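For reference, the chains in residue letters:
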Amino acid sequence: MADDYGRQPRRRVPGPARPARPSAGTARRPGPGGRPARRPAPRRPSGTPARPLRLGSPRPRLRLIGLALALVMVAFVVRLLQVQAVDASTYAAKAEQNRYVVHTLAAERGGITDRNGVALATSVDAYDITADPTMFTRKQLKIDDGPEQAAALLAPILGQDQDDIVAKLRPKDPKLRYVRLALKRTPQVWTQIKDLKLALATKAEKDRGTVNVLAGVFADPSSKRVYPNGDLAAGILGWVNAEGVGGGGIEQQLEKTLAGKDGKIRYAQSGGRQVPTAGSTETPAVPGSDVELTIDRDIQWAAQNAITEQVRKSKADRGYVIVQDTRTGEILAMAGSPGFDPNDLAHADPSALGNAALQDAYEPGSTAKVMSMAAVLEENVATALTHVVVPNRLHRGDRLFQDDIDHPTWYLTLNGVLAKSSNIGTILATGQLGKTQAEANKVLYSYLRKFGIGSYTGLGFPGETPGILAAPDKWSTSQQYTIPFGQGVSVNAMQAASVYSTIANGGVRVEPTLVRGTRGPDGRFTPAPEPAKTRVVSEKTAKTLAQMLESVVDDEEGTGNKARIPGYRVAGKTGTANRVDPATGKYHGYTSSFAGFAPADQPRVTVYCAIQNATSGSYFGGQICGPVYKQVMEFALKTLQVPPTGAKPANLPVTYRP
């Protein structure tokens, strides 16, 4: 049948049947023509309009996420600006405080040796225990009792009071960042603290509730001064105080030479431990120089042993011995008693500290008569054989003078006046130095000054006294007659010894020296400057005086018989002077002394001994100081290998027949 346009309708030709698609769990029934039947659509509730299915738009969600990210970024930027701009300095300070530590690198102190290189003072490794108080605050440790907890751990190790440590860890100044808890502790002490500190740090890392209260405790490498010979030469060496600075003697005098220059090290730390990968900056310390003294340890020991024993026997206040090389002025020994141990100052007698041989000023007595005789001989107003009539008493000025012993009129040579140590004979001899007593006083004064009396010795030793010598126009009526025999003038022991070394050296005074030189960190030795030399009297006068001093020891009428040394010619002089008590300023007791040199004809060694206020046994210089002189001189001659000369003594006469 044709349609309206005359076209024939198409004829449907059935195709092959399609297999039916099973539904989930149940196969569909085939419909007409073999097609699977359609599942009926669910019915909508009546009155509900039909709504097509569409996907949601992602833009709102993206906007929300973008806004959230923007807010987070703004917060980060604001915080970054606050940290890097607004609070930059505060955070930098905190980082610096907790990260970097600056420690002092203590310079190694130079050693002190005797003339043969034997150690007299040396330094060993030690540590100064330090702390940063800001690391013990609540802000750092998050606890209130950080200093107390740290002090409880440190006190038994450091041997200190717990409250003292707390006071240092909680100072008045909140910005204080460095305190010293203990000085000069042994490496074992620091190791003990370090191990405890490490254990607390390890525990704190594992247990967040644990605090390392020792994180702010550190150690500065240092050194501790040690004197291996105990009290030997302590008066010369001095000591080093708690701050590591010389407190007396050579330690103080040569502080700059010995101390060196401290260095510094700055490094990063965390939890109280150094960060090895963070690097460090260091200014190395410069070690101090070693000092070589002129003294001989063995001679020093002999001198110290001898004077200590005699002071004990005599129950004296104190005593000193000096041994000097007559040719060079070098001091071979300078010993005093009582002494002290610089290793243990806490138990030392304060009155024994220092060097009494240089710091005591006292009236020398008859040992000073050799200067009066030197002036008389040098001025050619008398010779060793000049006759001097010595009465039992001599009236001069406002006083009546006498000798140590009561005697009839003596008929002595000038040599005999010295040998018998006559005060009256010395006054008579020195009275010939001028037409008037005033002129004589001026001449004598000039010689005393040349011998070094009233002046510093040149050693530059801390606390040294120049003694007391008034100008001649200031001498009192009695002084112008007592000064010639050693009263009314004050000296120290080194000045007295130097007088005899001057005579032994042919009349030339050589300034005494204690230091031979220094050896720097580079190992180079620098000798000390040459000492000043001054001619005091002629060689002829010095030789005559040496012969006169032999009579003091060798002649049976001399006062120095106990100083004789078999095989050697010995020159010496005794002294016994009224002593001014330092406590009262009045005369009380005696100063006993003996001075001399040997061999008398070829002098090599001078020995001087003085003992203050002997209260047991004899107080005469020849009796208690003569044996000390002999003991020390014998040891020195043997140590220096000085042989006897073998020459016969001059044997100058002591008396004459009127």
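Values in this document were obtained by computation on a predicted structure and should not be read as measured data. (Residues numbered from 1 in each chain as written. Predicted model: local features only at pLDDT ≥ 70, side-chain atom pairs only at ≥ 80, totals over all residues. Heavy atoms only, no water.)

Colleague: What is the right way to read the sheet that holds strand β22 (residues 571-580) from this model?
Modeller: Hydrogen bonds along the backbone pair up the strands of a sheet, which may run parallel or antiparallel. Read from one edge of the open sheet, 5 strands run β13-β12-β24-β23-β22, paired in antiparallel fashion. Taken across any chain shown, the strands that pair with only one partner, and hence form the sheet edges, are β13 (331-337) and β22. Ignoring which end each strand starts from, the neighbouring axes of this sheet average 10° apart. In this structure, strand β12 (residues 318-325) lies alongside strand β24 (residues 605-612), joined through 8 bridges in antiparallel fashion. (Pairing = 2+ DSSP bridges. Helix = DSSP H or I, 4+ residues; strand = E, 2+ residues; numbered from the N terminus. Axes fitted to C-alpha atoms, helices over the stretch in contact; angles between N-to-C directions.)

Colleague: Sorry, what's going on with helix α5 (residues 162-169) here?
Modeller: Owing to its 3.6 residues per turn, the α-helix brings residues three or four apart onto one side. Among the residues of α5, those classed as buried are I165, V166 and L169. On an axial view of α5, the arc spanned by its buried residues comes to 100°, and they lie on one face. Those residues of α5 that are buried lie in contact with β3 (119-131), α4 (146-158) and β4 (179-185). The opening residue of α5, the one whose side-chain oxygen lies 3.0 Å from the backbone nitrogen of D163, is D161. (Buried < 20%, exposed > 50% of the residue type's maximum accessible area, 1.4 Å probe, protein only. Arc of directions from axis to C-beta. Contact = heavy atoms within 4.5 Å. Polar contact = N/O pair within 3.5 Å; in protein donor to acceptor, adjacent residues only side chain to side chain.)

Colleague: Could you clarify how one ought to interpret the nonpolar core in this entry?
Modeller: Most often, soluble globular proteins keep nonpolar side chains buried together rather than apart. If you look at the biggest cluster of nonpolar residues, it comprises 92 residues, and the most contacted ones within it are L293 and M334. Tallying contributions element by element places helix α17 (residues 493-504) first for this core, with 8 residues. Excluding anything up to four places from it in sequence, M334 contacts I236, Q300, V321, I322, N355, A357, L358, L459 and M494. (Core = buried A, V, L, I, M, F, W, Y, C linked by side-chain atoms within 4.5 Å.)

Colleague: Please explain the packing of aromatic side chains as it appears in this structure.
Modeller: For any pair of aromatic rings, the description consists of the separation of the ring centres together with the inter-plane angle of the planes. With the rule as written, the count across this model stands at 11 aromatic pairs. Centroid distance W239 to F340: 5.9 Å. Interplanar angle 85°. Geometry classified as edge-to-face. Of the two residues, W239 is situated in strand β6 (residues 239-240) and F340 in the loop between β13 and α11 (356-359); the sequence distance between them amounts to 101 residues. For the residue pair W239 and F340, the accessibility class agrees, reading buried in each case. On the numbers, 5.9 Å between centres and 25° between planes, the contact of Y320 with Y362 is stacked. Taken together, the residues span a long stretch of sequence, with Y320 in strand β12 and Y362 in the loop between α11 and α12 (369-378) at a distance of 42 residues. Each member of the pair, Y320 together with Y362, is buried. Taken together through their ring pairs, the aromatic side chains of F401, Y481 and F485 make up a single cluster. Above the face of the W410 ring, K420 is positioned so that its terminal group lies 4.5 Å from the ring centre. Across from the ring centre of Y447, 4.8 Å away, lies the NZ or CZ of K450, which sits over that ring. (Phe/Tyr/Trp six-rings, centres within 6.5 Å; stacked < 30°, edge-to-face > 60°. Lys NZ or Arg CZ within 6 Å of the ring centre and 35° of its normal.)

Colleague: Would you take a moment to explain the pattern of salt bridges for this structure?
Modeller: Pairing of side chains with opposite charge becomes possible as their charged atoms draw close. If you walk through the whole model with that rule in mind, you get 22 salt bridges. For R225, the salt bridge is made with E251, and the minimal N-O distance between the two is 2.8 Å. In this pair, R225 sits in strand β5 (residues 217-226) while E251 sits in helix α8 (residues 249-253), placing the two residues 26 residues apart along the sequence. Salt-bridge contacts for D360 lead to R318; the nearest nitrogen and oxygen are separated by 3.0 Å. Here D360 is found in the loop between α11 and α12, whereas its partner R318 is found in strand β12, with 42 residues between them in sequence. Through salt bridges with shared partners, one network takes in R109, R225, E251 and E255. (Salt bridge = Lys/Arg side-chain N within 4 Å of Asp/Glu carboxyl O.)

Colleague: Would you mind going over the pairing of β3 with me for this structure?
Modeller: Moving residue by residue along a regular strand, the side chains alternate between the two faces of the sheet. Relative to β3, strand β2 (residues 112-113) runs antiparallel, the two sharing 2 bridges. Residue pairing for β3: T113 is matched across the bridge by A119. Between β2 and β3, which follow one another and run antiparallel, lie 5 residues, and G117 among them has a positive phi close to 85°. One ladder, built from 10 bridges, connects β3 with β5; its direction is antiparallel. If you follow T122 over to β5, its bridge partner there is V226. Taken together, the 4 bridges between β3 and β4 define a ladder with antiparallel strand orientation. Bridged to A131 within β4 is V179.

Function-wise, these values are silent; they only describe arrangement.
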